[in-house]
Structure formats: structure tokens, C-alpha cells
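For reference, the chains in residue letters:
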Amino acid sequence: MKKFLAAMASTLMAVSLVGCGSDTSAGTPAPAATAAPAATAEAAAPAESAAPAAAADGDLSTKKVGVCIYQFSDNFMTLFRNELQNYLVEKGFSKDNITIADGANDQATQTNQIDNFISDKYDVLIINPVQSSTAATITDKVVGAGIPLVYINREPDEAEEKRWADNKWNVTYVGCDARQSGTMQGEIIADLGLDTVDLNKNGKIDYVMVEGDPENVDAQYRTEFSVKALTDAGLEVNMLDDQVGMWQREEGQRLVANMLGQHANDIEVVFCNNDAMALGALEAIKSAGRTTGTDIFLVGVDALDEACEAVLAGTMTGTVFNDHIAQSHSAADAAVNFLTGAGNEYYIGCDYKKVTKDNAQEILDSLK
Ligand code: BGC
């Protein structure tokens with residue numbers, strides 16, 4: 001069922017892929033004047049009856065949208081939030097009524113921002129949780145206040161998503177299935193063939209892994225499925241190191257510099273859960289005098305501009321396009337659907353895309 005809904009949603013996303021602007025300004029919510037209403041599940045209205053009357057005729061210009069981003073300094077979430085803001089304005093929301101808050105990678109800070117949005121009577125919330133494990137608490141307070149909720153990027157667990165469906169709450173999740181991105185990373189390496197990648201000729205793929213925040217399913221699944229794609233392709237693997245880089249470029253650089261120092265020429269493949277860390281790893285690879293494509297292979301996820309350029313230059317072996325345009329548009333569309341009373345499925349998915357030298361230019365062009 002989830003797969004079917006996800007497939008349906010990605011078809012819808014393809015239809016909604018339209019222009020993007022470049023305005024990046026964002027505010028933070030004003031301090032709450034009053035305490036947040038108590039969270040009571042009963043207060044939540046089912047999808048069919050939750051349409052605020054004013055939005056039913058399509059006037060979104062007076063509706064207040066609160067957006068919580070786990071951390072503004074995250075490269076991928078910056079692309080996501082800028083596109084989200086532009087597209088919300090395109091859909092008819094007033095820029096003055098869109099408030100985007102930086103959670104600064106601290107759940108307490110973000111929870112406080114959510115409380116403020118609730119007491120300031122925002123009409124819809126779009127939340128990229130700092131910790132997905134806090135989703136149940138967030139859902140309870142937002143639903144308890146009768147405000148529809150769109151989660152993005154960090155998927156709450158299955159039990160939490162089931163609650164939304166069981167209670168017919170106005171809550172949904174928009175994101176991609178990270179298993180697919182991990183599988184694609186592994187396939188990019190497997191497609192090169194054992195002869196090319198097995199530089200030390202021990203019959204195995206000797207790799208190191210640089211993980212994002214381990215609390216995040218994207219990190220868990222990419223770590224697992226990149227390696228699974230190699231073994232599924234019949235290749236033997238040997239993990240030399242696996243460290244957490246928290247999605248950050250500087251950490252990617254520091255960790256891979258250490259790994260290269262420790263395992264020297266044994267490292268054949270560097271898997272990074274995202275491009276920011278892969279770009280950091282690339283700096284470490286260059287400093288160590290290694291050459292991607294010749295004596296080491298490097299893959300990331302996201303298809304940041306700089307990573308696509310690196311793929312074209314051959315300094316990164318490949319990446320996987322994490323479609324921030326489709327995801328931000330779907331999140332905004334979901335917010336509109338809640339406000340107009342059209343409602344949403346409880347899971348809105350999208351597809352990743354493999355990026356190699358063959359199509360990196362095409363991906364770059366599509367993002368211009
Ligand atoms: C992206 C990462 C980003 C993370 C934030 C992932 O889907 O690939 O680049 O740091 O989301 O949650």
C-alpha cells in the first residue's frame with residue numbers, strides 16, 4: 001500500500017515540477033504570548049472536516065505557514081527550504097505569512113519554536129524534525145491544537161505513521177525512500193566491476209563508510225543498502241572503517257583524512273551518506289595524494305551543484321539526486337490540500353536518481 005501511494009505521489013510530483021526562484025530570506029517565530037494548548041488527540045479533526053472555511057475558496061494569502069528546519073547550515077536543507085518558500089509564494093501564500101525557523105540541530109529549541117507557532121495560531125506547519133523519535137510528541141501537540149502537519153525529510157517511524165492513519169489525523173510525511181539511494185550508491189560502484197575497483201587484488205571491495213546522523217533513517221538505510229547492493233551483485237566486501245560525520249563537510253574531511261592515514265592504500269571505496277561529507281572526503285583524498293577514479297572511488301548522495309561538477313570532473317565517482325524540488329513542492333501542495341480540505345495520503349514519496357559522468361550535466365541543467 002505504501003509503495004502504491006508512493007508511486008502515485010511521485011507521478012503527481014512530476015506534474016508539479018515547475019519554476020523555482022532564488023529568494024532566501026527567512027524569519028524566526030516571535031516568542032509565544034501565551035502557553036501552547038494542551039495536546040489532546042481528541043481535539044484533532046478528521047481530514048474531511050478540517051478545511052478552514054477561508055481557504056476553501058482557494059485564498060491562501062491570509063494563511064500562516066510555520067516551517068521548522070532541523071538546521072539552517074545543512075546544505076541540502078538550505079536548497080529544500082529556499083525552494084519551499086518560493087513555491088509557497090507561487091501557490092498564493094503571502095511571503096510575510098511564511099515563517100521559517102532554524103532548529104539549530106537542537107530538539108528543545110525546535111520544540112519551543114513549534115509551541116510558539118501553536119500559540120500564534122499558525123494555520124499549517126511543515127516540520128523537519130531534529131529528532132524523528134520526537135515525532136509522536138510533536139504530532140500530539142500540533143494535532144491537539146487542530147493544526148494540520150506536514151513532516152519532511154526525516155521520516156517518523158512506522159508506528160507513528162500508523163497513528164495518523166488510524167486516527168484520520170491531518171498529518172503526512174513527504175520524503176524519499178532512503179533504501180533506494182543507498183542501493184544506487186552501491187550500484188554505481190558495482191557497475192564499475194570488481195577488476196576496476198579491487199585495486200589491491202584481494203578479491204574484495206575494501207570500503208570505508210561516513211555516516212550522517214545515525215538517528216536519521218536516511219543515514220541508517222544508506223549505510224546498509226549501499227553495501228547490500230554490492231553483495232547483491234555477488235561482490236565480497238571488507239569494511240575497513242565506519243564513522244559518523246553528522247552530515248557535515250568538515251567532519252567528512254576530518255574522518256576520511258584519518259581513515260586514509262590509518263588504512264593507507266587499502267581503501268578502495270569511500271561511501272558517504274551525503275554529498276557534503278563526500279566533498280569533505282574529496283579534499284582529504286586530494287591532500288593524501290590519491291586520485292579518484294584511478295586509485296580510489298568516492299560516492300555521495302544529494303547531487304549538490306558542487307558534487308555534480310566533481311562527478312563531471314571525475315573527482316567524485318558518482319552521487320544520487322535527492323530531489324529537493326519535488327519534495328518541497330509536494331510538501332507545499334500537501335499543506336494546501338490540508339487547508340482546502342482536499343486532504344492527503346499519509347505518505348508522499350518520490351524517487352532518487354543515479355548520477356554519474358553520463359548524466360551529471362543533465363542534472364545540473366535541470367537545477368538551473
Ligand atoms: C540529505 C542530507 C541532509 C539530511 C538532513 C538527507 O536526506 O541527503 O544531505 O543532511 O537529509 O536530514
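Check the entry above for the structure.
Residues numbered from 1 in each chain as written. Predicted model: local features only at pLDDT ≥ 70, side-chain atom pairs only at ≥ 80, totals over all residues. Heavy atoms only, no water.

Undergrad: Sorry, what's going on with the environment of histidine 324 here?
TA: As for its placement among the helices and strands, histidine 324 is situated in helix H13 (residues 324-340). Note on histidine 324: relative accessible area 7%, which makes it buried. Among all residues touching histidine 324, those that are not within four sequence positions of it are Phe76, Leu79, Phe80, Glu83 and Leu367. (Helix = DSSP H or I, 4+ residues; strand = E, 2+ residues; numbered from the N terminus. Buried < 20%, exposed > 50% of the residue type's maximum accessible area, 1.4 Å probe, protein only. Contact = heavy atoms within 4.5 Å.)

Undergrad: Sorry if this is basic, but what is going on with the pattern of salt bridges here?
TA: It is possible for side chains bearing opposite charge to pair when their charged atoms get close. Tallied over the full model, the rule gives 15 salt bridges. Across the pair aspartate 115 and lysine 141 runs a salt bridge whose closest N-O atoms are separated by 2.6 Å. Pair noted here: aspartate 115 is in helix H4 (residues 107-119) and lysine 141 is in helix H5 (residues 135-144), with a separation of 26 residues, a long-range link. As a salt-bridge pair, glutamate 251 and arginine 254 come within 2.9 Å of each other at their nearest N and O atoms. Residue glutamate 251 and its partner arginine 254 are located together in helix H10 (residues 249-263), separated by 3 residues, close to a single helical turn. Overall, the relative accessible area of 43% leaves arginine 254 in the partly exposed class. Among the charged side chains, a network of salt bridges with common partners joins Asp140, Glu160 and Arg163. (Salt bridge = Lys/Arg side-chain N within 4 Å of Asp/Glu carboxyl O.)

Undergrad: It is not clear to me how the site of the ligand should be interpreted in this structure. Could you clarify?
TA: Surveying the vicinity of the ligand reveals the residues Tyr70, Asp74, Phe76, Asn153, Arg154, Asn216, Asp218, Arg222, Trp247, Asn274, Asp302 and Asn322. At 3.2 Å, a side-chain N or O of asparagine 322 approaches an oxygen atom of the ligand. For the ligand, whose unbound accessible area comes to 310 Å², protein coverage reaches 99%. Class assignment for the residues of the shell around the ligand results in 3 nonpolar, 4 polar and 5 charged. Viewed by domain, the shell around the ligand spans two of them, domain 1 (4-32 + 51-176 + 323-351) and domain 2 (179-321), each represented by three or more residues. (Near = heavy atom within 4 Å. Polar contact = N/O pair within 3.5 Å; in protein donor to acceptor, adjacent residues only side chain to side chain. Areas by Shrake-Rupley, 256 points an atom, 1.4 Å probe, with all protein chains shown as cover. Nonpolar A, V, L, I, M, F, W, Y, C, P; charged D, E, K, R; others polar. Domains from an automatic or database assignment.)

Undergrad: How should the packing of H10 against helix H11 (residues 275-287) be read in this particular structure?
TA: The description of two packed helices rests on the angle between their axes and on the distance between the axes. Across the interface, H10 lies against H11 with an axial gap of 7 Å and an inter-helix angle of 40°. The angle between H10 and H11 places the two elements in the oblique class. The two elements H10 and H11 cross, and the hand of that crossing is right-handed. When H10 is examined against H11, the residues Arg249, Gly252, Gln253, Val256, Ala257 and Leu260 are found in contact with a partner set consisting of Ala276, Met277, Leu279, Gly280, Ala281, Glu283, Ala284 and Ile285. (Axes fitted to C-alpha atoms, helices over the stretch in contact; angles between N-to-C directions. Parallel < 35°, antiparallel > 145°, perpendicular 65-115°, else oblique. Left-handed = near helix turned anticlockwise from the far one by under 90°.)

Undergrad: Before we go on, may I ask you to explain unusual backbone geometry in this structure?
TA: Negative phi characterises most residues that are not glycine, and trans characterises most peptide bonds. In this structure, asparagine 105 takes a positive phi of about 55° despite not being glycine. By the secondary structure assignment, asparagine 105 is in the loop between strand S2 (98-102) and H4. According to the relative accessible area criterion, asparagine 105 is partly exposed, its value standing at 29%. Not every positive phi belongs to a glycine, and methionine 246 is a case in point at roughly 55°.

Undergrad: Explain the nonpolar core here, please?
TA: Proteins that are soluble and globular tend to have nonpolar side chains buried together. By size, the foremost hydrophobic cluster in this structure holds 63 residues, and its most contacted members are Ile126, Val150, Ile152, Val256, Val270 and Leu298. It is H13 that contributes the most residues to this core, 8 residues altogether. Residues Ile188, Tyr207, Val227 and Phe297 belong to the second largest nonpolar core, which totals 21 residues. (Core = buried A, V, L, I, M, F, W, Y, C linked by side-chain atoms within 4.5 Å.)

Undergrad: Help me understand helix H7 (residues 178-190) in this model?
TA: Think of an α-helix as 3.6 residues a turn; residues three or four steps apart then line up on the same face. Taking 1.5 Å of rise per residue, the 13 residues of H7 would be expected to cover 18 Å, and the 18 Å separating its terminal C-alpha atoms lies within 8% of that figure. Among all positions of H7, only Ala178, Ser181, Gly182, Met184, Gln185, Gly186, Ile188, Ile189 and Ala190 are buried. Buried residues belonging to H7 abut helix H8 (194-197), helix H9 (217-232), strand S8 (269-272), strand S9 (297-299), strand S10 (319-321) and strand S12 (353-355). For H7, the capping residue at the N-terminal end is aspartate 177, with a side-chain oxygen 2.9 Å from the backbone nitrogen of arginine 179. (Expected span 1.5 Å × (residues − 1).)

Undergrad: Can you help me understand the state of the cysteines in this one?
TA: Covalent bonding between the sulfur atoms of two cysteines defines a disulfide. Scanning all chains against the criterion turns up 1 disulfide. In this model cysteine 176 forms its disulfide with cysteine 350; the gap between the sulfur atoms is 2.3 Å. Placement of the pair is cysteine 176 in the loop between strand S5 (171-174) and H7 and cysteine 350 in the loop between strand S11 (347-348) and S12, with a sequence separation of 174 residues. This pair shows no difference in class: cysteine 176 is buried, exactly as cysteine 350 is. (Disulfide = S-S within 2.5 Å.)

Undergrad: Would you mind showing me how to read the packing of aromatic side chains here?
TA: How two aromatic rings sit relative to each other is set out by the distance from centre to centre and by the angle between their planes. Throughout the structure, instances matching the rule amount to 6 aromatic pairs. Where phenylalanine 76 meets phenylalanine 80, the ring centres are 6.2 Å apart and the plane angle is 75°; that geometry is what we call edge-to-face. Here phenylalanine 76 and its partner phenylalanine 80 are both found in helix H3 (residues 75-91), 4 residues apart, which amounts to about one turn of the helix. Their ring planes at 40° and their centres at 5.9 Å tell us that tyrosine 173 and tyrosine 347 sit as a pair that is tilted. Of this pair, tyrosine 173 sits in strand S5 while tyrosine 347 sits in strand S11, and the two are 174 residues apart along the sequence. Note on accessibility: tyrosine 173 and tyrosine 347 belong to one class, buried. Residue placement shows arginine 154 over the ring face of tyrosine 70; its charged tip is 3.7 Å from the ring centre. In this structure, arginine 179 packs its charged tip against the face of tyrosine 221, placed 4.7 Å from the ring centre. (Phe/Tyr/Trp six-rings, centres within 6.5 Å; stacked < 30°, edge-to-face > 60°. Lys NZ or Arg CZ within 6 Å of the ring centre and 35° of its normal.)

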